[in-house]
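So you can see what is in the structure, the chains are spelled out below.
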Amino acid sequence: MKFKCTLSIVLLLFATLLFAQENENKSIEKPKTEEKKNVEKPKDSRPSKRDGQRPPGGRPGGGIGKMTVEQWKMMSEKMPKTGIVSGKIIDKSSGKPVEYATISLLLSIDSSLIDGTITNEKGAFTMEELPVGRFIVTADYLGFETYYSDKIMLNPRRSPVVDLGTIEMEFSSEILNEVVVEEKKAFMELELDKKVFNVADNISVAGGSATEVLEQIPSVEIDMDGNVSLRGSQNLTILIDGRPTALAGGDPAAVLALIPAETIEKVEVITNPSAKYDPDGMAGIMNIILKKNRKGGFNGLVSAAYTIVDEYNLSGTLGYRNKKVNVYGTYNHRNNEREFTRENYRINTLPDTTYSFDQEGGGVRRRISNNIKAGLDFFPNSSSTIYTSASFGFNTSDDQTTNTYQYFDDLGVNTIQGRVTEQEDEPSQNKEFTLGYQKRFKNNWSHSLNADINYSDNFEEENSNIENGFYSINDNDYNDPLEAITTQNDLTDGQRQVLQARVDYEKPFENKAKLEVGYKSILRYTNTLFDSTNDLLDNEFQFDEQIHAVYSTYAHPITEKFTIKGGLRLEQAVTDSELKNTNETFDKNYFSWFPSLTLSQNMEDKGQISLSYSRRINRARTRQLNPFVSFSDPLNFRKGNPDLNPEYTNAVELNYIKRWDKITFTPSIYYRYTTDIINRFSTVDDQGISTLTYVNLSNSHAYGIELAAMYNPTKWWRLMPSVNLTQTILNTDNISADLNNSNFRIGGRIMSNMTVWKDLEIQLFTFFRAPSKITQGEMKGMFFTTIGAKKKILDGKGSIGFNVRDPFGTGKFRFVTESDQFYQKGLRQREPYVVTFSFSYRFGKQDKSKQRRGNRDRNGGGMDGMDDMM
């Protein structure tokens, strides 16, 4: 690999940041424990009952005499940080310690957050290395009234240590009732820059994979091969916990099929990302967030599912968390078997003849996956996290396919028939390692530094055995071939290695402005070796890619309700590829710039509107670049194109959010202009053989409207309808003006959740897509339905459920493609009428993440979401 120098620089930078930040305050000597004799104890530690639970001195302009925040900062910077605050929290009614209560230290002048921690198993807490000044201590815990201390004074000479003693927290039934209502999250949560879909309790996908989960996200479509499109475009980026994944060599369709639905917490969709995020994917980013351990003590989750087509899934999670560490491990086993069918009719019009054939076939896909992940988060102090994780996957795939052909001459007479069988075994292994550091500065936890390095390695082996024979039209059992059956045994070894390193820095300002800067390097190495019994087919394709990027964004509030955010990302890409057997080399080096701009306005009527612009890129995948021809189907060849250029997209989007008591409505209008479109293109030679490859088309204009809503007609019924309308105008003048077309697509879905009995939920999901044009033809319309139910058991810790996928057998993919050389129509269908039964059980302590409302997760919670995507 050609990145040793860059790697050394990144590792050195990463190590320097770790050392500098961990030693930020260690030059100041801590006070000895004997100094506790200088304790200043407040006179009254009872919870305050002031208006709205406002802390004393919390009003702007209050404080020590006439001291301002700026004056306090100047004073605190000149004096050593030797202050210590400690105490113990107990339940007033029972006298028992309150574990994992959130403790915050607020500056008395303006109630800004200075430091924070949580209580241990004995209810005790300690905050160290605190600055000089007057402060207020607060304690929060689910079901209790917030505790506010009197003002305390930390002075390095007179009172460096304050012991608050034993603090009694009182139970509050109002707060408990309020939080219980919040426990059930809405399926869709709306934020200005993204939509979050909470799928952890999605009934109708139990026992399925991430493919079925994404299928229920508005404006998302999944084709027969598992390829994902968003708003009519397959050019999007799919991430797992904010990162590309090494699973299945990074192939998105294969990755989604390996992830059990039960392990997914939520899906984040951001359609017009800022310059902070990777620019790959013209339609945007979809980030799949897996379930994490955010609970105190020991806890875990086990789940199982069985499908009547002889499939089963098992998954388990175990974790332990305290004040200093969070240790977790997960294991997922998935045994998946699905049948599929296909039909294909094609007429070939050649210079000297015309003939046609009917193709029917199908097969069985079997996938067995075992994935293990373990991680450790270490909290050296209240504002720092060092995190590391490792994951390993061992997967096998066994596909059996049979296709039969009926050949007809120009008079429509059946002249001959053929059969092709293919047995394909595909074992694979992957591993991934991450090491990172997060620093949140004590004066403001939004002020942060993040750095990490990630390495992934995937190796897969594909063994295929292809038999092709021709038979008499009367030989229905295919026992007597007209000539010797041709056999081809192929072995494909593929390796994909990816190294990523990044540094992000965020700095908020007092006027609510925010600066973000960062650097990222991605180094990819891919090698594909093809070995066949036909020596003429042997080949090896190697692809190296380096991407180095810097970015900066700045958000500034013009008024209290109007904010502007601009950014710029600069990237240098270096790619080298080589087809070893022919010594052909292909190099593409290019510099790109990606600006972004967002204008947002809060409305008076509980509404919010935003206008955004971004420039994005779509780079060709290895399969699209490899020029070697695949002969697995004797009538339909496939090959890549190493001369492909990346696509560039300029996207503009207008979003509006409007909330009423029972309805939330979010319409969006978007426009995309794309150049050098990477698209499939088919030709038929003089032998009637179709070859599919990839080409760059001139440009396209796409504009559309997305409408989504959440409606609660009653407390027990929730509806979420959505529809997407897209018009795409495709310019193919560089290939053939005859292929220019205008494509109008309509797709939508509706999800209905009903709690018809205590702890019994029923879910109905329906998807539809209207007919639409494609480059060389038309995609027919389709719709399908999924029905599911779930019942809580074992005091709410467990659940049982079932679902039926495509109970009416309508989920058929039908298409027509044509040119001057051929006319073709086809049908493909996944197995319908699939019934799945599921069970899950949670054990351990109650989730504390919902108890810390309003408190930022200082212990690495930001690692799990979109913060990792730059």
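Fair warning: this is a prediction, and the values are worked out from it, not measured in the lab. (Residues numbered from 1 in each chain as written. Predicted model: local features only at pLDDT ≥ 70, side-chain atom pairs only at ≥ 80, totals over all residues. Heavy atoms only, no water.)

Asks: Quick question: what am I supposed to make of the overall build of the protein here?
Replies: When its secondary structure is counted, the protein shows six helices and 44 strands. Within the protein, the fraction of its 870 residues that count as buried is 53%. Once local pairs closer than 6 in sequence are excluded, the contacts in the protein between residues at least 24 apart make up 68%. Entry remark: accessible area of the protein is about 39300 Å², with carbon and sulfur atoms responsible for 55%. (Helix = DSSP H or I, 4+ residues; strand = E, 2+ residues; numbered from the N terminus. Buried < 20%, exposed > 50% of the residue type's maximum accessible area, 1.4 Å probe, protein only. Contact = heavy atoms within 4.5 Å. Areas by Shrake-Rupley, 256 points an atom, 1.4 Å probe, with all protein chains shown as cover.)

Asks: Quick question: what am I supposed to make of the packing of aromatic side chains here?
Replies: Any pair of aromatic rings gets described here by the distance separating the centres and the angle formed by the planes. Overall, the coordinates contain 10 aromatic pairs when judged by the stated rule. Plain terms: the ring middles of Phe802 and Phe837 are 6.5 Å apart, the flat faces sit at 35° to each other, and that makes the pair tilted. With Phe802 in strand E41 (residues 798-805) and Phe837 in strand E44 (residues 834-844), this pair connects stretches of sequence that are 35 residues apart. With a relative accessible area of 36%, Phe802 lands in the partly exposed category. Members of the aromatic cluster, joined through ring pairs, are Tyr405, Tyr407 and Phe470. Across the ring face of Phe340, the terminal group of Arg365 is positioned such that the distance to the ring centre comes to 4.3 Å. (Phe/Tyr/Trp six-rings, centres within 6.5 Å; stacked < 30°, edge-to-face > 60°. Lys NZ or Arg CZ within 6 Å of the ring centre and 35° of its normal.)

Asks: Any chance you could explain the pattern of salt bridges here in plain terms?
Replies: Pairing of side chains with opposite charge becomes possible as their charged atoms draw close. Taken as a whole and assessed by the stated rule, the structure comprises 20 salt bridges. Arg524 serves as the salt-bridge partner of Glu545, at 2.8 Å between the closest nitrogen and oxygen. A residue pair is termed long-range when its members are at least 10 positions apart, and Glu545 in strand E26 (residues 539-557) and Arg524 in strand E25 (residues 514-532) qualify at 21 residues. Taken individually, Glu545 and Arg524 each receive the classification buried, so the pair is uniform in this respect. For Lys580, the salt bridge is made with Glu578, and the minimal N-O distance between the two is 3.4 Å. Judged by relative accessible area, Glu578 falls into the partly exposed class, the value being 22%. Members of the salt-bridge network, linked through shared partners, are Asp278, Asp280, Lys520, Arg569, Glu571 and Arg619. (Salt bridge = Lys/Arg side-chain N within 4 Å of Asp/Glu carboxyl O.)

Asks: How should I be thinking about the sheet that holds strand E1 (residues 83-91) in this particular structure?
Replies: Pairing between the strands of a sheet is mediated by backbone hydrogen bonds and can be parallel or antiparallel. If you trace the three strands from one edge of the open sheet to the other, you get E4-E1-E8, paired in mixed fashion. The open sheet has two edge strands, strand E4 (124-130) and strand E8 (161-169), and neither has a second partner. The mean inter-strand angle of the sheet, taken between neighbouring strand axes irrespective of direction, is 15°. Bridge count for E1 against E4 is five bridges, and the pairing is antiparallel. Its bridge partner being in E4, Ser86 is matched across the sheet by Thr126. (Pairing = 2+ DSSP bridges. Axes fitted to C-alpha atoms, helices over the stretch in contact; angles between N-to-C directions.)

Asks: Where do I start with a nonpolar patch on the surface in this structure?
Replies: A surface patch of nonpolar side chains, amounting to about 690 Å² of accessible area, comprises Leu611, Val652, Leu654, Ile669, Tyr671, Tyr703, Ile705, Leu707 and Ile729. Among the secondary structure elements, those contributing two or more residues to the nonpolar patch are strand E32 (647-659), strand E33 (663-684) and strand E34 (690-714). Among the elements that take part in the nonpolar patch, E34 stands out by supplying three residues, more than any other. With respect to the element layout, Tyr671 can be found in strand E33. Residue Tyr671 is classed as partly exposed on the basis of its relative accessible area, which comes to 31%. (Patch = residues over 30% accessible without salt bridge, like charges linked within 9 Å, V, L, I, M, F, W, Y side chains within 5 Å.)

Asks: Teacher, can you tell me more about the confidence of the model for the protein here?
Replies: It should be kept in mind that the predicted coordinates are not to be read in detail where pLDDT is low. Looking at the protein, the pLDDT average stands at 79 and 83% of residues meet or exceed 70. Here residues 1-65 scores under 50 on pLDDT; set against residues more than four positions off or in separate chains, the count is 108 contacts. pLDDT under 50 marks residues 846-870. Its contacts with residues more than four places away, or in other chains, come to 89 contacts. (pLDDT = per-residue confidence, 0-100.)

Asks: Can you help me understand the pairing of E26 in this one?
Replies: Note on strand geometry: in a regular strand, side chains alternate between the two faces of the sheet. In terms of residue burial, E26 counts as a mostly covered element, since 14 of its 19 residues are buried. Strand direction decides the pairing type here: E25 and E26, joined by 17 bridges, are antiparallel. Across the sheet, Glu516 pairs through a bridge with Thr553, a residue of E26. Note: E26 against strand E27 (residues 562-579), 17 bridges, orientation antiparallel.

Asks: Help me understand the nonpolar core, please; the structure alone is not making it clear to me.
Replies: Soluble globular proteins tend to bury their nonpolar side chains together. The biggest cluster of nonpolar side chains holds 35 residues, and the ones touching the most others in it are Leu214, Ile217, Val228, Val267 and Met286. Setting aside its immediate chain neighbours within four residues, Ile217 contacts Phe187, Phe197, Val199, Val267, Val269 and Arg749. The next biggest cluster of nonpolar side chains, apart from the first, holds 26 residues, and it includes Ala101, Tyr141, Tyr147 and Met169. (Core = buried A, V, L, I, M, F, W, Y, C linked by side-chain atoms within 4.5 Å.)

Asks: Which parts of the structure should I look at to understand the side chain of Thr434?
Replies: Position of Thr434 relative to the elements: it lies in strand E22 (residues 428-440). Given a relative accessible area of 11%, Thr434 falls into the buried group. In this structure the side chain of Thr434 is engaged in a polar contact, spanning 2.6 Å, whose partner is the side chain of Asn454. When near neighbours in sequence (up to four residues on either side) are disregarded, Thr434 contacts Arg243, Tyr387, Thr388, Ser389, Ile453 and Asn454. (Polar contact = N/O pair within 3.5 Å; in protein donor to acceptor, adjacent residues only side chain to side chain.)

Asks: Looking at this model, I keep getting lost on unusual backbone geometry. Mind explaining?
Replies: Leave glycine aside and you will find that most residues have negative phi; peptide bonds, for their part, are mostly trans. Even without being glycine, Glu129 reaches a positive phi, approximately 55°. Position of Glu129 relative to the elements: it lies in strand E4. Its identity as a non-glycine residue notwithstanding, Leu794 has a phi of 55°, on the positive side. One can find Leu794 in the loop between strand E40 (782-793) and E41.

Asks: For this particular structure, what's the right way to read helix H2 (residues 69-78)?
Replies: For an α-helix, 3.6 residues make a turn, and residues three or four places apart therefore share a direction. Within the sequence span of H2, burial applies to Val69, Trp72 and Ser76. Looking straight down H2, one finds its buried side chains confined to an arc of 55°; they lie on one side. Opposite the buried face of H2, at more than 90 degrees from it, the exposed residues are Met74, Glu77 and Lys78. If you follow the buried residues of H2, they end up packed against strand E2 (102-107), strand E3 (113-118) and strand E5 (133-140). (Arc of directions from axis to C-beta.)

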